[in-house]
Amino acid sequence: MSIEQLTNIIFSYQMAIIILAIVLLKSSVKFVPQNRAFVIERFGKFNRTLEAGLNFILPFIDDVAYDRTLKEQAIDVPSQGAITRDNISLTVDGVLYLKVLDPYKASYGVDEYSFAVTQLAQTTMRSEIGKMELDKTFEERDSLNVNIVNAINEAAIPWGVQVLRYEIKDIVPPHSVMEAMERQMKAEREKRAQILESEGDRQAAVNVAEGQKQAIVLAAQADKEQQILKAEGEATAILRVAEARAEALEKVGNVAKTEEGQKAIQLDLATLAIEAKQAIAKESSVVLLPDSATDISSVVAQATSIVNTLNKG
């Protein structure tokens, strides 16, 4: 064997050792992504759980048996039939939100935890709907979701998973029930419309009556105030007239006490007597007077005598 051949063999061995070292190094180094966990088995038996980051295992001895995600998972629950307490058949589907808390239990506690939880959600949903009447399934959907979550979590403890939420996507009753519900809702809407309309009519009538009442009260109050003002005005006018007459009489009396006033009164009386006789003559063709009364001077003398008597008194 030549030196060149020996060198080639040594080089081949070195390359093989390098390749084997690279393979062993690659097999022993495991990079676990964030929010994931690797379940390691050694000779087919659970050894440990690798968390996120750089980890080392024994090549050809340790093996990654399960790769579990620690993120929240959304699992669709297929549609299924359920019967309510009042014997109404429904078709219900939903969505399930769960998270792996213990990778060891999720790997060895159940064969496939997502399938197991889905089946448990379906059976629990049928059981919970069977406890309710049809109307309650629509009204109490939130409480139904909570009951399903609690029941699943109680049963899923050995599986290392936790159900965070369960949401019912749709509840579909039979077509005949849908028609009956539509008729019922229509009747209820018409009933509410009639009630609102009658309530509006009643309120309108009350408003009209209240307005008429207020109008009558205001009219009566205005008429009362008008009458009061009119009476006060008439009373004031009467007082003013009386005061004016009293003042005039007072002035006439004061003037009548003087000589000039006596003459003026005599003249005024004579004028009035003449006007009176003229008026009587116009009203009747025959006028009977005493002889003494035909004389104007006698009439004036009589009036003057009366005035003098009043002055003395």
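Residues numbered from 1 in each chain as written. Predicted model: local features only at pLDDT ≥ 70, side-chain atom pairs only at ≥ 80, totals over all residues. Heavy atoms only, no water.

Caption draft 1: Spotlight on the sheet that holds strand S8 (residues 161-172). Taking strand neighbours across the sheet as the criterion, the three strands line up as S6-S7-S8 in an open arrangement whose pairing is antiparallel. Looking at which strands have only one partner, the edges of the open sheet turn out to be strand S6 (73-83) and S8. Pairs of neighbouring strands in the sheet enclose a mean axial angle of 25°, with direction left out of account. Two elements, S6 and strand S7 (residues 89-100), share nine bridges in a ladder whose sense is antiparallel. Note on S7: the bridge partner recorded for Ala74 is Tyr97. The strands that helix H3 (residues 113-129) touches are S6, S7 and S8; relative to S6, the one it contacts most, it runs at about 35°. Sitting on the sheet, helix H5 (residues 141-155) is in contact with S7 and S8, with an inclination near 140° to S8. (Pairing = 2+ DSSP bridges. Helix = DSSP H or I, 4+ residues; strand = E, 2+ residues; numbered from the N terminus. Axes fitted to C-alpha atoms, helices over the stretch in contact; angles between N-to-C directions. Contact = heavy atoms within 4.5 Å.)

Caption draft 2: Spatial organisation of the pairing of strand S2 (residues 36-42). With five of its seven residues buried, S2 lies for the most part within the structure. Sheet topology note: the S2/strand S5 (residues 62-69) ladder contains seven bridges and is antiparallel. Counterpart to Ile40 in the pairing with S5 is Val64. Both S2 and strand S3 (residues 45-50) contribute to a ladder of five bridges, which runs antiparallel. (Buried < 20%, exposed > 50% of the residue type's maximum accessible area, 1.4 Å probe, protein only.)

Caption draft 3: Quick peek at H3. Taking 1.5 Å per residue, 17 residues should reach 24 Å; H3 reaches 24 Å between its end C-alpha atoms and fits that length. Residues of H3 that are buried: Tyr113, Ala116, Val117, Thr118, Leu120, Ala121, Gln122, Thr124, Met125, Glu128 and Ile129. (Expected span 1.5 Å × (residues − 1).)

Caption draft 4: Up close: H5. Its 15 residues give H5 an end-to-end C-alpha distance of 22 Å, which sits within 8% of 21 Å, the value for a rise of 1.5 Å per residue. For H5, the full list of buried residues reads Leu144, Asn145, Ile148, Val149, Ile152 and Asn153. Viewed along the axis of H5, the buried residues span an arc of 160°, placing them on a single side of the element. Buried residues along H5 sit in contact with S7, H3 and S8. (Arc of directions from axis to C-beta.)

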